[in-house]
Amino acid sequence: MATIRHHVHVNRSPSDVWKVISDAGAISAWFPGIETSTADGGVRRCSVAGGTELVEQIVTVDDELRRFQYSITEGMPVEFHLGTIDVLPDGDGSLVIYSTDVLPDEAKELMDDALAGGLAGLKAHLEG
């Protein structure tokens, strides 16, 4: 199983960052390439550039730990996927860690740049 991990410091409080991360249906506001997104009943749907729709099962939304986890169930050729976003205090701001475990291992190449871009988009969205 391949693992991807990226992190970024955001100059906003952990509660401010968590408010954005935990709003599952609003990921299109900050994640580049996601054109529209909705969440309902533990399922998130994302339309991405090129017309593909990703269907994701929301696994964890833990307000105390500030941990969000989801699994892509449709729209990508993966056998297993678990994405985790953790928001931690970091000085006057927040450390956001975005990690993903994925099978097959080759999917890592497809997802690595997208996850890094997602964190960059989150930082830009929050720091405006």
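Model, not experiment: these values are computed from the prediction. (Residues numbered from 1 in each chain as written. Predicted model: local features only at pLDDT ≥ 70, side-chain atom pairs only at ≥ 80, totals over all residues. Heavy atoms only, no water.)

Draft legend 1. Representation of the packing of aromatic side chains in the model. In total, this model carries two aromatic pairs according to the counting rule given. Taking the centre distance of 6.2 Å and the plane angle of 40° together, the rings of F68 and Y70 count as tilted. On the accessibility criterion, Y70 (4% relative accessible area) is buried. One residue, R44, lies across the ring of Y70, its end atom 5.0 Å from the ring centre. (Phe/Tyr/Trp six-rings, centres within 6.5 Å; stacked < 30°, edge-to-face > 60°. Buried < 20%, exposed > 50% of the residue type's maximum accessible area, 1.4 Å probe, protein only. Lys NZ or Arg CZ within 6 Å of the ring centre and 35° of its normal.)

Draft legend 2. Up close: the nonpolar core. Residues V17, I21, W30, F68, V96, Y98 and L122 are the most contacted members of the largest nonpolar core, which totals 32 residues. Residue assignment for this core shows that the elements contributing at least two residues are β1 (2-10), α1 (14-21), β3 (43-48), β4 (53-62), β5 (67-74), β6 (80-90), β7 (93-103) and α2 (107-127). For this core, the element with the most residues is α2, which contributes six residues. Beyond its immediate chain neighbours, meaning those up to four positions away, F68 contacts W18, I21, S22, A24, R44, I58, T60, V61, G83, T84 and I85. (Core = buried A, V, L, I, M, F, W, Y, C linked by side-chain atoms within 4.5 Å. Helix = DSSP H or I, 4+ residues; strand = E, 2+ residues; numbered from the N terminus. Contact = heavy atoms within 4.5 Å.)

Draft legend 3. View of the sheet that holds strand β2 (residues 34-40). Overall, antiparallel pairing links the seven strands, which are arranged β1-β7-β6-β5-β4-β3-β2 in an open sheet. In this open sheet, the two edge strands, each paired with only one partner strand, are β1 and β2. Here the strands of the sheet are splayed against their neighbours by 20° on average, with no regard to which way each runs. Taken together, the 11 bridges between β6 and β7 define a ladder with antiparallel strand orientation. Residue pairing in the sheet places L88 in a bridge with L95 of β7. On top of the sheet, α1 reaches β1, β4, β5, β6 and β7; it is set at about 155° to β6, its chief contact. (Pairing = 2+ DSSP bridges. Axes fitted to C-alpha atoms, helices over the stretch in contact; angles between N-to-C directions.)

Draft legend 4. Fine view of the packing of α1 against α2. Running from N to C, α1 and α2 cross one another at 120°; their axes reach a closest spacing of 11 Å. With respect to their mutual orientation, α1 and α2 come out oblique. When the axes of α1 and α2 are compared, the crossing they make is right-handed. Each of D16, V17, V20 and I21 in α1 lies in contact with α2, whose residues at this interface are L122, H125 and L126. Among the residues making up the contact of α1 with α2, the classes are represented as five nonpolar, one polar and one charged. (Parallel < 35°, antiparallel > 145°, perpendicular 65-115°, else oblique. Left-handed = near helix turned anticlockwise from the far one by under 90°. Nonpolar A, V, L, I, M, F, W, Y, C, P; charged D, E, K, R; others polar.)

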